[in-house]
Amino acid sequence: MDPNAATSSYAMSVGIFLFGIGTLALFLWYFATDLDRRKRLIGTILTIAVAGFSAWASFPLKEKLPLAIDLQGGSSFVVEIQPASEGRSVTPSQQQTAIDILRKRLDPDGGKNLIINPQGDAQLEVQMPGVKDSEMAQVRETIQKVALLEFRSVEPGKFPVTKEAGEQREYSPGWVERPIKKKLAEGETEKDLDAKPQMYISVKNRVEVAGKNVKNAGVVFGPNGWEISLELDDEGGEKMYEITRSVRHEVDQLAIIIDGEVLSHPTINSPLRDRISITGNFEEKEAFDLASALENPLENPLKILSSSQISPAYGEKTIVQGIYAGLAGLGLTLLFMAIFYRLAGLVALVGLTVNVLCLFGFMCVFNFTLSMPGIAGIVLTIGVAVDANVLIYERLREEMKSGRSLTSALQAAYEKAFSAIFDANVTTLITATIMFMVASGSIKGFAMTLTVGVLASLFAALLVTRVCFNWMTGGKLEKLSMATLVPDKVYDFLGKRKLALYVSLSAVGISLLWLGVKNTSVLAYDLNPQGGDKVSVSGATLSTDQILNTLKDLTVYNDAGVFNTEGKGSKVDFFPPTIQTQKMATGEEEIVIRSPFGTGNAIKSTLEAAFPDIFPAATEGATAGIGVEEIGPSMSSTLLKESFMALGLGLLGILIYLSFRFEVAFALGAIVALIHDVILSIGVMTMLGTSVSVMMIGAFLTIAGYSINDTIIVFDRIRETLRTKKGDLAEIMNLAISETLGRTLITSGTTLLTCICLTLFGGPVLREFSLAIIVGILIGTYSSIFVASPLVLWWAKRKDINLRQDILDSDQAKIIEHGIEKEVEPRNP
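Keep in mind the model is a prediction, meaning the values are calculated, not measured. (Residues numbered from 1 in each chain as written. Predicted model: local features only at pLDDT ≥ 70, side-chain atom pairs only at ≥ 80, totals over all residues. Heavy atoms only, no water.)

## What about the overall build of the protein?
When its secondary structure is counted, the protein shows 23 helices and 21 strands. The buried share of the protein, taken over its 829 residues, is 51%. Of the contacts made within the protein by residues no fewer than 6 positions apart, 76% connect residues no fewer than 24 positions apart. Working note: accessible area of the protein is about 38500 Å², and carbon and sulfur atoms make up 58% of it. (Helix = DSSP H or I, 4+ residues; strand = E, 2+ residues; numbered from the N terminus. Buried < 20%, exposed > 50% of the residue type's maximum accessible area, 1.4 Å probe, protein only. Contact = heavy atoms within 4.5 Å. Areas by Shrake-Rupley, 256 points an atom, 1.4 Å probe, with all protein chains shown as cover.)

Dropping the structure here:
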């Protein structure tokens, strides 16, 4: 690294660290002080400092925030590191060694923006932006080439022999047979190579000099064509000398074995030490690739579990879709807030602006890579941010209506809304954290973005907007006006609980029956135990009939897991493949072809060959593109396990939190409503023809978070009302639900706005995801009123519980625990 660049990077790290310390100190000071003027000044400094730092960290955004493969085009692979021997596991050091070696092989000059991330204990995710279609096969070969080099003596007097398949032959003690690598003669093809008999030669049964002793490997052009020049380390040189000094020169041979095949077995003319030349009738590129692999040999073989190839043209269209979705969601949300809440809505706009700045700033600081699921997380963050503002403003409306001054009403609104905001965001953070820890790939990117977005939303809603209002009330602002959504009356929701019970039980029963009948057929290709391929054709003026006619004569074969079109192995039955046409945000149509695992690249090559004018060989400037995603059976099984583990742990985390946070009756109602919402969401989406994919699991986890948010809002008001009012429990609960109806509808509505924008403008990648969120929000809004609350009432009556007394006893326990005279709500800014 350039010394100046290293110094600059170190200085920047120190600066960021000092900024963090200073910001933390200001936060503590802000929370500690009770003087309005001082709090206002500290809050203003904090807001300007954090917003300014975020703007600086993210400018220019195009350079600071790298794009993932799905947004800029290129190739990505998930590879599994195989154990060195049966019964052994892959160690962290072996995983890091594999990362270092792949980096040297794939990006020796460091200029390709190669990204390699560990996944779990034995997997790696490799992302290579800008890789052309023509380079894919070579990249795959480079990744999987072990380049295990061995030098072994050839048994004296033995010559290469042929051996029929399954033939057993006795070896001389201390010697074993190894196959000799077949080579193409000039003018021969792969079929000619297959027709040649396999030759074997007898070599030592132990490695005499290993590839780990290779110090340097280079390529030279010698009398016999391209040769590989090796330099061994001191240990290797001494071993080589020991085995070659005692042989009969010009008679005995030394076998050069790479990955179990004898590359050559030259006669030894003189003792060898640390410099060796390997000949093998190499082509120039073959010689250079092999030299690179020999210089960076893998101790553990690598197996590609899944791959994805995105054309640059497809990536550009995806970015446009993301921008459309983000701008539309942001614009509609801000328009609603400005019209409905007026001046307070403009304050929310300031908070939302700081929120977005913080989100992008910290994504840049922590070197996030922006993907399409990440864009979904950003758009959904807008909905989360507005939810907190709505909770505060609806409380503010009630406090002003009760006759309080604006200053007093603001103080009460922020204090009373804090509990619901805190609970709602904690549950979202639980699901996001579980997704990040357990899942992988696209879900992890979505989880990271959502986590940062939630934290930024809390800062913007609770501190930034509060500081703005403090300046306004200090400037003698005395009144705020807002529109009204729900008439001020009490609705008999619990009077409909029996009807709601029948509806919910029927819907859940139908969903479970549907899922039981469909079994694994509801799983998408990335979660199906058999795996599968997805071929995406964008920007092409092709019909599905043209594609089917082109593919009808294509025959794909499976040769021990290696797929080909040359007739090797067994035939793969894939025609006709499943074809769907989807509308993109740009107005163009995208054709999605789903086929069995291993057939995607053959389909891609066939289409490119049949329509060279539509899919030119030069990808630069092309308007049409074909993307291929391959998910092998092993990878799909892993994804299936990870995805459902993430879903299960996410639900469990929420349940544990609710059990500690609420009384038994409320926790039971929330838990049953949550399970109800997830089952119905999965059932409805699969009935609509949507397969359960990795992204859909992320959607269901997000639904769980949003569903519990609505329930928490309602429960908070029920508990608050029970503290102050006596009477029939059902009537008190109806009053509390009616009072929060406006908040419930608005918070659900603002999130629905952003999801509708994702559905309309996000393109095929996010359409199913956002549609699932929409379905989940609608079901969650229903269940918070007609499932969770009736369950609380039923439990209280069945157990003959005085719910009001339970809440007061819980409050008293907090008083005793904290040694205070009255319950104090969590302090908020």
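## Quick look at the environment of Leu 674
As for its placement among the helices and strands, Leu 674 is situated in helix α19 (residues 664-687). Separated by 110 residues in the primary sequence, Leu 674 and Ser 784 place their C-alpha atoms 9.1 Å from one another. If we ignore the near neighbours within four places in the chain, the residues touching Leu 674 are Leu 651, Ile 654, Leu 655, Ala 704, Ser 707 and Ile 708.

## Overview of the packing of helix α20 (residues 694-724) against helix α21 (residues 729-761)
Orientation of α20 relative to α21, taken along the N-to-C sense of each, is 145 degrees, at an axis distance of 8 Å. In this structure, α20 crosses over α21, and the sense of that crossing is right-handed. Taken together, the residues that form the contact of α20 with α21 break down as eleven nonpolar, six polar and four charged. (Axes fitted to C-alpha atoms, helices over the stretch in contact; angles between N-to-C directions. Left-handed = near helix turned anticlockwise from the far one by under 90°. Nonpolar A, V, L, I, M, F, W, Y, C, P; charged D, E, K, R; others polar.)

## Points about unusual backbone geometry
The omega torsion across Phe 59 and Pro 60 is -10 degrees, close enough to zero to call that bond cis. Relative to the helices and strands, Pro 60 resides in the loop between α2 (36-57) and α3 (61-64). Positive phi, close to 60 degrees, is recorded for Arg 342, a residue that is not glycine.

## A closer look at the packing of helix α16 (residues 544-551) against helix α17 (residues 600-610)
Any two packed helices are characterised by how steeply their axes cross, that is the angle between the axes, and by the distance between the axes. Packing of α16 against α17 brings their axes to within 10 Å, and their N-to-C directions diverge by 105 degrees. Classified by the angle between their axes, α16 and α17 sit roughly perpendicular to one another. Together, Ile 547, Thr 550 and Leu 551 of α16 and Ile 603, Thr 606, Leu 607 and Ala 610 of α17 make up the contact between the two elements. Partitioning the contact of α16 with α17 into residue classes produces five nonpolar, two polar and no charged. (Parallel < 35°, antiparallel > 145°, perpendicular 65-115°, else oblique.)

## A look at the pattern of salt bridges
The final tally for this structure, using the stated rule, is twelve salt bridges. Measuring nitrogen to oxygen at the nearest pair gives 2.6 Å for the salt bridge that ties Glu 398 to Arg 717. Residue Glu 398 is found in helix α12 (residues 372-401), and its partner Arg 717 is found in helix α20; the two are separated by 319 residues along the sequence. Between Glu 608 and Lys 604 there is a salt bridge whose closest N-O contact spans 2.9 Å. Of the two residues, Glu 608 and Lys 604 both sit in helix α17, four residues apart, roughly one turn of that helix. (Salt bridge = Lys/Arg side-chain N within 4 Å of Asp/Glu carboxyl O.)

## Focus: the sheet that holds strand β11 (residues 254-258)
The strand order β8-β4-β11-β12 describes an open sheet built from four strands, whose pairing is antiparallel. Of all the strands in the sheet, just β8 (209-210) and β12 (261-264) have a single pairing partner and so form its edges. Bridging between strand β4 (residues 149-153) and β11 involves five bridges; their strand directions are antiparallel. Its bridge partner being in β11, Ser 153 is matched across the sheet by Leu 254. (Pairing = 2+ DSSP bridges.)

## Things to note about the sheet that holds strand β7 (residues 199-204)
Pairing between the strands of a sheet is mediated by backbone hydrogen bonds and can be parallel or antiparallel. Across the sheet, which stays open at both edges, the three strands sit in the order β5-β7-β6 with antiparallel pairing between neighbours. The open sheet has two edge strands with one neighbour each: β5 (161-162) and β6 (175-179). Taken together, the five bridges between β6 and β7 define a ladder with antiparallel strand orientation. Note that in β7 the partner of Val 176 across the bridge is Val 203.

## Thoughts on the pairing of strand β14 (residues 302-310)
Among the nine residues of β14, eight are classified as buried, and the element is accordingly described as predominantly covered. As defined by bridge partners, strand β1 (residues 74-81) adjoins β14 across eight bridges and the pair is classed as antiparallel. Its bridge partner lying in β14, Ser 76 is registered against Ser 308. Of the pairings in the sheet, the one linking β14 to strand β21 (residues 625-631) comprises four bridges and is antiparallel in character. Opposite Gln 309, over in β21, you have Val 628 as the bridge partner.

## Quick notes on the environment of Val 672
Mapped onto the secondary structure, Val 672 falls in helix α19. A relative accessible area of 33% means that Val 672 is categorised as partly exposed. Here the alpha-carbon distance between Val 672 and Leu 655, two residues 17 residues apart in the chain, equals 9.8 Å.

## Examining the confidence of the model for the protein
A low pLDDT means the predicted coordinates there should not be read in detail. With 85% of its residues at a pLDDT of 70 or more, the protein shows a mean pLDDT of 79. Per-element averaging of pLDDT across the protein places strand β17 (residues 562-564) at the bottom with 65 and helix α15 (residues 497-518) at the top with 91. This model gives residues 820-829 a pLDDT under 50, and the stretch forms 25 contacts once residues within four places in sequence are excluded. (pLDDT = per-residue confidence, 0-100.)

## Describing helix α13 (residues 406-438)
Relative to the 48 Å expected for 33 residues at 1.5 Å per residue, α13 spans 46 Å between its end C-alpha atoms, a close match to the ideal helical length. A maximum bend of about 35 degrees is found in α13 at Phe 418. Burial within α13 is extensive, with 24 of its 33 residues counted as buried. (Expected span 1.5 Å × (residues − 1). Bend = angle between axes of the 7 residues up to and from the residue.)

## A short note on the packing of aromatic side chains
Applying the stated criterion to the full structure yields 17 aromatic pairs. Residues Phe 340 and Tyr 341 carry aromatic rings whose centres are separated by 4.9 Å and whose planes lie at 80 degrees to one another, so their mutual orientation is edge-to-face. Comparing Phe 340 with Tyr 341 shows no difference in burial state: the two are buried. Taken together, the aromatic side chains of Phe 19, Phe 53, Trp 56, Phe 362 and Phe 366 make up a single cluster linked through ring pairs. (Phe/Tyr/Trp six-rings, centres within 6.5 Å; stacked < 30°, edge-to-face > 60°.)

## Quick word on α15
End to end, α15 covers 31 Å across 22 residues, agreeing with the expected 32 Å (1.5 Å per residue, within 8%). By the burial criterion, the buried members of α15 are Ala 500, Ser 504, Val 508 and Ser 511. An end-on view of α15 places all buried positions within 60 degrees of arc, on one side of the element. In α15, the exposed positions angled more than 90 degrees off the buried face are occupied by Lys 498, Leu 499, Tyr 502, Leu 505, Ile 510, Leu 513, Gly 516 and Val 517. (Arc of directions from axis to C-beta.)

## A closer look at a nonpolar patch on the surface
On the surface, a nonpolar cluster with roughly 560 Å² of combined accessible area is contributed by Ile 323, Tyr 324, Leu 327, Ile 756, Leu 760 and Phe 761. For the nonpolar patch, the secondary-structure elements that each account for two or more residues are α10 (312-341) and α21. (Patch = residues over 30% accessible without salt bridge, like charges linked within 9 Å, V, L, I, M, F, W, Y side chains within 5 Å.)

## Section: the side chain of Glu 399
Secondary-structure assignment places Glu 399 in helix α12. For Glu 399, a relative accessible area of 6% gives the class buried. In this structure Glu 399 touches Arg 404, Ala 409, Ala 412, Ala 413 and Lys 416, once residues within four positions along its chain are discounted.

## Here's the deal with the side chain of Arg 466
Topologically, Arg 466 is positioned in helix α14 (residues 442-474). Lacking a salt bridge, the buried Arg 466 has Asp 36 as its closest oppositely charged neighbour, with an N-O distance of 6.1 Å. Side-chain polar atoms of Arg 466 contact the side chain of Gln 411, separated by 2.6 Å. (Lys, Arg positive; Asp, Glu negative; His and termini not counted. Polar contact = N/O pair within 3.5 Å; in protein donor to acceptor, adjacent residues only side chain to side chain.)

## Some thoughts on the state of the cysteines
Scanning the entire structure with this criterion turns up zero disulfides. Summary of cysteine pairing: Cys 755 is not part of a disulfide, and the nearest cysteine sulfur, belonging to Cys 757, is at 9.1 Å. With a relative accessible area of 2%, Cys 757 lands in the buried category. (Disulfide = S-S within 2.5 Å.)

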